[in-house]
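# Residue-level structural notes
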Amino acid sequence: MTIDEAINLNKPVIIKAYSVSESTEHYIKLVLTKILQKHNCEVLLIPLYTAVKELVVNAVKANQKFIYFEGKKSYESVFFNSEKALQLFRLEMTRSDAKYLDTLARKHNLHAMTTITVIDKKLCIDVENPTPMNETERDAVKKKLNIARQCEDITDYFIQAQEDDYKEGAGLGLVLITMMLKGMGLNQSNFIIDSDHEKTIASIIVPLTEATLQAYQKRIIDSTTNVA
Ligand SMILES: Nc1ncnc2c1ncn2[C@@H]1O[C@H](COP(=O)(O)OP(=O)(O)OP(=O)(O)O)[C@@H](O)[C@H]1O
Ligand SMILES: [Mg+2]
């Protein structure tokens, strides 16, 4: 079945990624563009594409972190220090090892699986990876999203989150998605990130309706007026 046929029949489209390659980006953008066009909501493409890409990056990073840590554990179990390993992981991710981790992810079949579908005029996007968050990560994410939900913008978030001293939770991707959805008039039930002992799933639900478009357009006008 082609992408067009799947979209016309409202069937889910699944995109598998072992790394965030150009082809992954291309297919995410293509599927979102076609669905949004079908529902006259093209204006939402850039924010939604940015959000989905961020979720896929997170999922791929989590898979690669898993592979990296497993390797460290088996070779250096006696000396294994997770804080040190995390620092090394960050360093290596910024170098050519990222390509090597992509190969390993394929070997272990650790992928990020993005499922995009429309159910009752609601765009439903799930990004799943077969690697769980640990309890500390889950708590940090929960805490961050609770703060983000109450904030109007990123400056507001920095002020509110000053006391959040959990270093690994210092990223902003999930916070920005929360704020972006808020700008579309949506709330916490439209963005869920959940993890059990074997997987993590992040879900975004966006009603493809006039109300969402109006809320988003109003937000743009308000921001432009503030800047002017
Ligand atoms: N799909 C996932 N699987 C496992 N852990 C995840 C997943 N998504 C997020 N996390 C955890 O949540 C944390 C926060 O994610 P977030 O996107 O907000 O920040 P980040 O990715 O660390 O940094 P940034 O997005 O600013 O580059 C991650 O560091 C990771 O520990
Ligand atoms: Mg991120």
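Predicted, not measured: the structure shown is a model, and the values here were computed from it. (Residues numbered from 1 in each chain as written. Chains lettered and ligands numbered in written order. Predicted model: local features only at pLDDT ≥ 70, side-chain atom pairs only at ≥ 80, totals over all residues.)

## Thoughts on the overall build of the protein
Tallying secondary structure elements over the protein gives nine helices and five strands in all. When its helices and strands are written in sequence order, the protein yields α-β-α-α-α-α-β-β-α-α-α-β-β-α. Within the protein, the proportion of its 228 residues that are buried is 25%. Sequence separation of 24 or more characterises 71% of the internal contacts of the protein that already satisfy a separation of 6 or more. (Helix = DSSP H or I, 4+ residues; strand = E, 2+ residues; numbered from the N terminus. Buried ≥ 20, exposed ≤ 12 C-beta atoms within 10 Å, placed from the backbone. Contact = placed C-beta atoms within 7 Å.)

## Thoughts on unusual backbone geometry
We note that asparagine 109 has phi near 50°; this positive angle belongs to a residue other than glycine. Relative to the helices and strands, asparagine 109 is located in the loop between α5 (97-107) and β2 (112-119). According to the C-beta neighbour criterion, asparagine 109 is exposed, with 10 such atoms within 10 Å. The phi dihedral of lysine 121 is positive, around 65°, even though this residue is not glycine. Structurally, lysine 121 can be placed in the loop between β2 and β3 (122-129).

## Quick look at the packing of helix α6 (residues 135-149) against helix α8 (residues 173-182)
At a minimum axis distance of 9 Å, the contact between α6 and α8 shows a crossing angle of 35°. Handedness of the α6/α8 crossing: right-handed. Note on element contacts: α8 touches α6 through Leu174, Val175, Thr178 and Met179, opposite Val141, Lys144, Leu145, Ala148 and Arg149. (Axes fitted to C-alpha atoms, helices over the stretch in contact; angles between N-to-C directions. Left-handed = near helix turned anticlockwise from the far one by under 90°.)

## Considering the nonpolar core
Core analysis: the largest hydrophobic core is formed by 43 residues, its most contacted members being Leu32, Ala51, Val52, Leu55, Val56, Ala59 and Val127. Examining the composition of this core, we find that eight residues originate from one element, helix α3 (residues 45-76), more than from any other. Aside from chain neighbours lying at most four places away, what touches alanine 51 is Ile177, Met180 and Ile204. (Core = buried A, V, L, I, M, F, W, Y, C linked by C-beta atoms within 7 Å.)

## A short note on the sheet that holds strand β5 (residues 200-207)
The strands that make up a sheet pair up through hydrogen bonds in the backbone, lying either parallel or antiparallel. The five strands lie next to each other as β1-β2-β3-β5-β4, forming an open sheet whose pairing is antiparallel. Lying at the two open borders of the sheet, with one neighbouring strand each, are β1 (13-17) and β4 (191-195). In this sheet, neighbouring strand axes are inclined to one another by 15° on average, regardless of whether the strands run parallel or antiparallel. Direction of pairing for β4 relative to β5: antiparallel, over a ladder of five bridges. (Pairing = 2+ DSSP bridges.)

## Examining the environment of isoleucine 147
Following the sequence through the fold, isoleucine 147 ends up in helix α6. Residues isoleucine 147 and tyrosine 157, spaced 10 residues apart in sequence, show a C-alpha to C-alpha distance of 7.0 Å. Excluding its chain neighbours within four sequence positions, the residues that come into contact with isoleucine 147 are Tyr157, Gln160 and Ala161.

## Here we look at the confidence of the model for the protein
Confidence in the prediction for the protein averages 87 pLDDT; 83% of positions are at 70 or higher. Under a pLDDT of 50 for its full length, residues 75-79 has, in the predicted model, zero contacts with residues more than four places off or in other chains. (pLDDT = per-residue confidence, 0-100.)

## What about helix α2 (residues 22-38)?
Its 17 residues place the ends of α2 24 Å apart at the C-alpha level, agreeing with the 24 Å of an ideal helix rising 1.5 Å per residue. Looking only at α2, the buried set comprises Thr24, Ile28, Val31, Leu32, Ile35 and Leu36. On an axial view of α2, the arc spanned by its buried residues comes to 125°, and they lie on one face. Turned more than 90 degrees away from the buried face of α2 sit Glu22, Ser23, His26 and Gln37, all of them exposed. With its phi angle positive at about 55°, asparagine 40 sits one or two positions after the end of α2. (Expected span 1.5 Å × (residues − 1). Arc of directions from axis to C-beta.)

## Things to note about α8
With seven of 10 residues buried, α8 is to be regarded as a mostly interior element. Within α8 the residues assigned to the buried category are Leu174, Val175, Ile177, Thr178, Met180, Leu181 and Lys182.

## A few points about the environment of valine 118
Tracing the backbone shows valine 118 in strand β2. Each C-alpha atom of the pair valine 118 and histidine 39 lies 9.9 Å from the other, and the pair is 79 residues apart in sequence. Those residues in contact with valine 118 that sit more than four places away from it in its chain are Asn10, Ile35, Leu123 and Leu208.

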